[in-house]
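Here are the chains, one letter per residue:
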Amino acid sequence: MRVKVVCVGGGPAGLYLAILLKRQNPSHDITVHERAPEGSTYGWGVTYWQGLLDRLRAQDPESAAAIAANSVHWNEGVAHVRDSSTRQPGDRGFGIGRHRLLELLADRARSLDVRLEFESEITELPPEADLVVAADGIGSALRTRYADEFGTHVTHGRNHFLWLGTTQVFDAFTFAFVETGHGWIWAYGYPYDAGHSTCVIECSPETLTGLGLHRADEGEGLALLEGLFADLLDGHPLIGRAHDGTTVPWLNFRTLTNRTWHRDGLVLVGDAAHTTHYSIGAGTTLALEDAMCLATALRDHPAPPDALAAYEKRRRTELLSAQSAARYSARWYESLPRYIELPPHRMFALLGQRHSPLLPYVPPQLYYGLDKAAGQLEPLRRLKRWLGPRAARALHAARTPERPR
């Protein structure tokens, strides 16, 4: 059945959904509206992992091949703590420039006769559309318009972060923790092309204000950060402006949820529907997986209401693991003093275990010993996987005062 689809937002989710729907039925009438000019996008590089690339190849081999050819990869992680460093093998990871990713998806969409309308903002439901997809991020205009019906809820993280680029090309997924007179500040870095890396800086609010970063202009702030991370950057600058020329601000991460993801032919995907903390590196992956799931649901369920309900049910279930990992990952960084004084190799090991629901409730040294033993014995690994969520719930309940009735 031929349908008219309007995708609001020209990010990865909106473009990839348009590609998949056109592949399913070339007669579909699909338009992607993006409020920004073409070639203008916020951000530097994005990460993804082998599992996503495999799924992209299964869905659309042509776009997957283009993405893979324009990506860089690594299979190690390195952590710098004060004057010490530790390096460990890890899963194969990939980085690609966000700007380049969007170019590739836009080119593929156009080759399939998807209409792309830039500098076109949609704030009301187009009456002629059979389906409207809100893929316009956490600030989605359509979701905000119907926020009460979607049941939108936003919570703010405690730490502050700044999303930057650099011409320093890291050879691994890199963490750097620097101690200052006002507390710790740290960076996450990963390459995304032959000449650039993403560099995310994070710190507590006390460190931000203590260093004066909250009131520094961009030039002053970048100079201070370049000094703090001089060993990491090795003479390379930090880049503080996005492709559209805007200054990148310090932010608190916003975790967004919705009670429902669809209403009357309008459906949410990607960050418009849900967000997960950037420290698990899954935002783009989850957005693309939303697009895959929605396209499959629309193929398998002829009635749009049934398709949207099936999409939401499946994705909510699939997201539980990532959302849990994101919550515990953010909490690990907010509790950094609990781990930072461990020997670097042990601290790095627990950094890799930061998604664990049990870790916040077990002394770090004890957890490290248990984890090392579990890694050597399969029965202990199974016990750890079974025990973690249950023990965490019990310990959390024991620490939470009963609410008065």
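What you see is a predicted model, and the numbers here were worked out from it, not measured in a lab.

Enquirer: Tell me about the overall build of the chain, residues and numbers included.
Expert: Tallying secondary structure elements over the chain gives 14 helices and 15 strands in all. The C-alpha atoms of the chain give 22 Å as radius of gyration, which agrees with the globular expectation for 405 residues (22 Å, within 12%). Projected onto its principal axes, the C-alpha coordinates of the chain cover approximately 60 × 50 × 45 Å. Taking all 405 residues of the chain together, the buried fraction comes to 52%. Total accessible area on the chain stands at roughly 18900 Å², and carbon and sulfur atoms take up 52% of it.

Enquirer: Can you explain the pattern of salt bridges? Please cite residues and give values.
Expert: Using the criterion set out here, one finds 25 salt bridges in the structure. Salt-bridge contacts for R35 lead to E121; the nearest nitrogen and oxygen are separated by 4.0 Å. Note that R35 is positioned in the loop between β2 (29-34) and β3 (45-49) and E121 in the loop between β6 (115-118) and β7 (131-134), a separation of 86 residues in sequence. Here E318 ties to R314 by a salt bridge, and the two come within 2.7 Å at their closest N and O atoms. Of this pair, E318 and R314 both sit in helix α11 (residues 304-334), four residues apart, which is roughly one turn of the helix. What makes E318 partly exposed here is its relative accessible area of 37%. A network of salt bridges, in which partner residues are shared, links R55, E289, D290, R314, R315 and E318.

Enquirer: Tell me about the sheet that holds strand β14 (residues 262-263), and name the residues and values.
Expert: Strand order in the open sheet formed by six strands is β6-β2-β1-β7-β15-β14, and the pairing between neighbours is mixed. A single partner strand is all that each edge strand has here, and the edge strands are β6 and β14. Sheet strands touched by helix α1 (residues 12-24): β1 (4-8), β2, β6 and β7. Its angle to β2, the strand with the most contacts, is close to 170°.

Enquirer: Quick rundown of the state of the cysteines? Include the residues and the values.
Expert: In this structure the tally under the stated criterion is zero disulfides. We note that C199 lacks a disulfide partner, and the nearest cysteine sulfur, in C203, lies 13 Å from it.

Enquirer: Go over the packing of aromatic side chains, please, and point to the residues and values.
Expert: For the coordinates displayed, the defined rule picks out 19 aromatic pairs. Each ring, one from F253 and one from Y278, has its centre 5.8 Å from the other, and the planes form 70°; the classification is edge-to-face. Taken together, the residues F253 in strand β13 (residues 251-257) and Y278 in the loop between β15 (266-268) and α10 (283-300) connect sequence positions 25 residues apart.

Enquirer: Kindly report on the packing of α10 against α11, identifying the contributing residues and their values.
Expert: Axis separation between α10 and α11 bottoms out at 9 Å; the angle between their running directions is 150°. Considering the angle they form, α10 stands roughly antiparallel to α11. Relative to α11, the crossing made by α10 is right-handed. On α11, the residues touching L286, E289, D290, C293, L294, T296, A297 and L298 of α10 are A307, L308, Y311, R314, R315, L319 and A322. Residue composition of the contact of α10 with α11, grouped by class: 10 nonpolar, one polar and four charged.

Cut-offs and rules
Residues numbered from 1 in each chain as written. Predicted model: local features only at pLDDT ≥ 70, side-chain atom pairs only at ≥ 80, totals over all residues. Heavy atoms only, no water. Helix = DSSP H or I, 4+ residues; strand = E, 2+ residues; numbered from the N terminus. Rg over C-alpha atoms; globule rule 2.2 N^0.38 Å. Buried < 20%, exposed > 50% of the residue type's maximum accessible area, 1.4 Å probe, protein only. Areas by Shrake-Rupley, 256 points an atom, 1.4 Å probe, with all protein chains shown as cover. Salt bridge = Lys/Arg side-chain N within 4 Å of Asp/Glu carboxyl O. Pairing = 2+ DSSP bridges. Contact = heavy atoms within 4.5 Å. Axes fitted to C-alpha atoms, helices over the stretch in contact; angles between N-to-C directions. Disulfide = S-S within 2.5 Å. Phe/Tyr/Trp six-rings, centres within 6.5 Å; stacked < 30°, edge-to-face > 60°. Parallel < 35°, antiparallel > 145°, perpendicular 65-115°, else oblique. Left-handed = near helix turned anticlockwise from the far one by under 90°. Nonpolar A, V, L, I, M, F, W, Y, C, P; charged D, E, K, R; others polar.

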